[in-house]
Amino acid sequence: MGWEMLSIRDDSLATVLLSLTTSTGSRGHPRTELAINEPQLWPVGMVLEGSSEALCPPPSLELRPSCNKSQPSPPLGSSSQPHDGVFPEDKEPVKYGELVVLGHNGSLANGDKGRRRSRLALYKRPKANGVKPDVIHNVSTPLVSKALSNKSQHSISYTLSRSHSVIVEYTHDTNTDMFQIGRSTESMIDFVVTDTAGSSGQVGGAVGEGGGQSVQSTISRYACRIMCERSAPYTARIYAAGFDSSKNIFLGERAAKWRTSDGLMDGLTTNGVLVMHPAGEFVSEPAPGVWREISVCGNVFALRETRSAQQRGKLVENESNTLQDGSLIDLCGATLLWRTPPGLRHTPTLKQLECLRQELNAARPQCPVGFNTLAFPSLAQREIVDKKQPWVYVNCGHVHGYHNWGYRKEKGPPGPGGTAPAGTGERECPMCRRVGPYVPLWLGCEGGLYLDAGPPTHAFCPCGHVCSEKTVAGWSQIPLPHGTHAFHAACPFCGTWLTGEQGHIKLIFQGPVD
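The structure displayed is predicted, hence computed values, not measured ones. (Residues numbered from 1 in each chain as written. Predicted model: local features only at pLDDT ≥ 70, side-chain atom pairs only at ≥ 80, totals over all residues. Heavy atoms only, no water.)

### Considerations on the side chain of His172
With respect to the secondary-structure elements, His172 resides in strand 8 (residues 164-173). With relative accessibility at 4%, the residue His172 sits in the buried group. There is a polar contact of 3.4 Å between the side chain of His172 and the backbone oxygen of Gly130. (Helix = DSSP H or I, 4+ residues; strand = E, 2+ residues; numbered from the N terminus. Buried < 20%, exposed > 50% of the residue type's maximum accessible area, 1.4 Å probe, protein only. Polar contact = N/O pair within 3.5 Å; in protein donor to acceptor, adjacent residues only side chain to side chain.)

Structure follows, in structure tokens:
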């Protein structure tokens, strides 16, 4: 006998489940209602599979607030608010925040195109498209595909065994906007991100069309979703997994999932969605927090032993999935930074960065050996070394013009000319005789990665990206995920792992002789 659907609404999913009841069967259990005051995270007291609660769950659990029992759910796309989108008195659209992909200095390698970009601003939608959990259905697994055929209804399917699945049906939420992030280029994904093919010393990120995508991506096609409240203070919350083209999230038999003590469900995605909130104010007292994993229902857990382990970490009850300025989101191949509108007000705009570049060049820094004037190239000229571009010895900070001498001498038998090959990159500074990498300097062009709009006096080691002292000090403290369980501090502009005692260096310029 199939399960009988008792909390019925006029939709195809309810119709499918109701049709499974035999004509001679009883009317089943009474309807169970659970009032939820939104927003609220699902409880996570676990009931082990195989227990009486897991094997004999109620056929239907309604999650709508009991005070709304008699009111029909609004159709998708409708809104009970008097105005949609931007209110008439608003001078500009409401911005919830911005997502910045680490490892890209202002744009993708092939340029930002549509939903493939290095930075995305989330604005209030003309009509709310958020969803919230509504009813839980317990069905036989062979019936899941038929039950999920309703493409007008959002749902999450949890496969507990070959003969038993739980489907959580979602309903329209007029109070939230939903934004989805993932590798898929399907229309329901608002921000398309994917891995980049790079060295092991780089973090992943988004790529443009035709840009070096790895053979097999570790980022999920539907990685995560962000729900933003449409009314002040416009709180943003992150959840693992996103809905596919059929408006479904499917957690298979091997996925980490569990039934809670209240009969609800929760789970983790294959490679997980990790989040780290800053320990303090991101712009005033930057300090790294602790990396956590976010579940499908938005609960916070300690990290698993490895990225894709089936055993979940311990529940962290005193932390939430609410994003704050400086929160980092790692999708196992791309790391995103969340910036709020108040936080962005402390960061430099492109126009301000251009002014800083011009001020640096107006000081006419010179090479202390060749006495030629140095100049930072325009912000649009990236990865193309200019003949006047300043170079730095990253172990001491002395800034020079480019020269092809001063390679480190070998300790063993000397090679031709008694020097190491040019490919080693190790040079001896003619000012202080310290040996180390010798690299060109590049201005950090992505203002969203800055912690302030201070003068560009410092550079990350060993890549040479230049920004403010507060910015290099803050990012040098943050360990970014790499692989299944490794963490390394990296330059936010290019993703190169940081080296040296501090990971950054103060630049020493020589002014004009005249």
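### Looking at helix 5 (residues 350-362)
The end-to-end C-alpha distance of helix 5 is 18 Å, a good match for the 18 Å that 13 residues give at a rise of 1.5 Å each. Listed in full, the buried residues belonging to helix 5 are Leu353, Leu356, Arg357, Leu360 and Asn361. Down the axis, helix 5 shows its buried residues gathered within 135° of arc, on one side only. Exposed residues pointing more than 90 degrees away from the buried face of helix 5 are listed as Lys351, Glu359 and Ala362. Buried positions along helix 5 lie against strand 25 (442-443). Downstream of helix 5 by a residue or two, Arg364 has a phi angle that is positive, lying close to 55°. (Expected span 1.5 Å × (residues − 1). Arc of directions from axis to C-beta. Contact = heavy atoms within 4.5 Å.)

### Regarding the environment of Thr471
Relative to the helices and strands, Thr471 resides in helix 6 (residues 469-475). On the accessibility criterion, Thr471 (0% relative accessible area) is buried. As for Thr471 and Gly454, which are separated by 17 residues in sequence, their C-alpha atoms are 8.7 Å apart. At 2.7 Å, the side chain of Thr471 forms a polar contact with the side chain of Ser468.

### Some remarks on the sheet that holds strand 26 (residues 458-460)
Strand order across the open sheet formed by 4 strands is 25-27-26-30, with mixed pairing between neighbours. Where the open sheet ends on each side, the last strands, each with one partner, are strand 25 and strand 30 (504-506). Relative to strand 30, strand 26 runs antiparallel, the two being bridged by 3 bridges. Within strand 30, the position partnered with Ala459 by the bridge is Ile505. (Pairing = 2+ DSSP bridges.)

### Focus on the packing of aromatic side chains
With the rule as written, the count across this model stands at 12 aromatic pairs. With a centroid separation of 5.7 Å and an interplanar angle of 65°, the aromatic rings of Tyr450 and Phe493 are classed as edge-to-face. Taken as a pair, Tyr450 in the loop between strand 25 and strand 26 and Phe493 in the loop between strand 29 (486-488) and strand 30 lie far apart in primary sequence, 43 residues in all. Tyr450 gets classed as buried once you look at its relative accessible area, which sits at 2%. When its relative accessible area of 1% is taken as the criterion, Phe493 is described as buried. (Phe/Tyr/Trp six-rings, centres within 6.5 Å; stacked < 30°, edge-to-face > 60°.)

### Description of the sheet that holds strand 11 (residues 224-229)
Pairing is mixed across the open sheet formed by 4 strands, whose spatial order is 10-9-11-12. For this open sheet the edge positions go to strand 10 (191-192) and strand 12 (236-240), each flanked by a neighbour on one side alone.

### Quick look at the environment of Leu441
Note that Leu441 resides in the loop between strand 24 (435-440) and strand 25. Measuring from C-alpha to C-alpha, the distance between Leu441 and Gly464 comes to 4.8 Å, with 23 residues separating the pair along the chain. Ignoring any residue separated from it by four or fewer positions in sequence, one finds Leu441 in contact with Phe376, Gln389, Pro390, Trp391, Val392, Val399, Ala459, Gly464, Val466 and Leu507.

### Looking at the nonpolar core
Ranked by internal contacts, the top residues of the largest apolar core, which has 42 residues, are Leu328, Leu337, Leu441, Phe460, Trp475 and Leu507. Elements supplying a minimum of two residues to this core: strand 16 (273-276), helix 5, strand 26, strand 27 (465-467) and helix 6. Among the elements that make up this core, the one with the highest residue count is helix 5 (3 residues). With 28 residues, the next largest nonpolar core counts Ile238, Val273, Leu323 and Trp338 among its residues. (Core = buried A, V, L, I, M, F, W, Y, C linked by side-chain atoms within 4.5 Å.)

### Some points on the confidence of the model for the chain
For the chain, mean pLDDT is 76; residues scoring 70 or higher make up 71% of the total. When mean pLDDT is taken per element in the chain, strand 12 scores highest with 97 and strand 2 (residues 46-47) scores lowest with 36. Taken together, the stretch residues 1-58 has pLDDT below 50 and engages in 126 contacts with residues farther than four places along the chain or on a different chain. For the stretch residues 64-89, pLDDT sits under 50, and the model shows 45 contacts to residues farther than four places along the chain or on other chains. (pLDDT = per-residue confidence, 0-100.)

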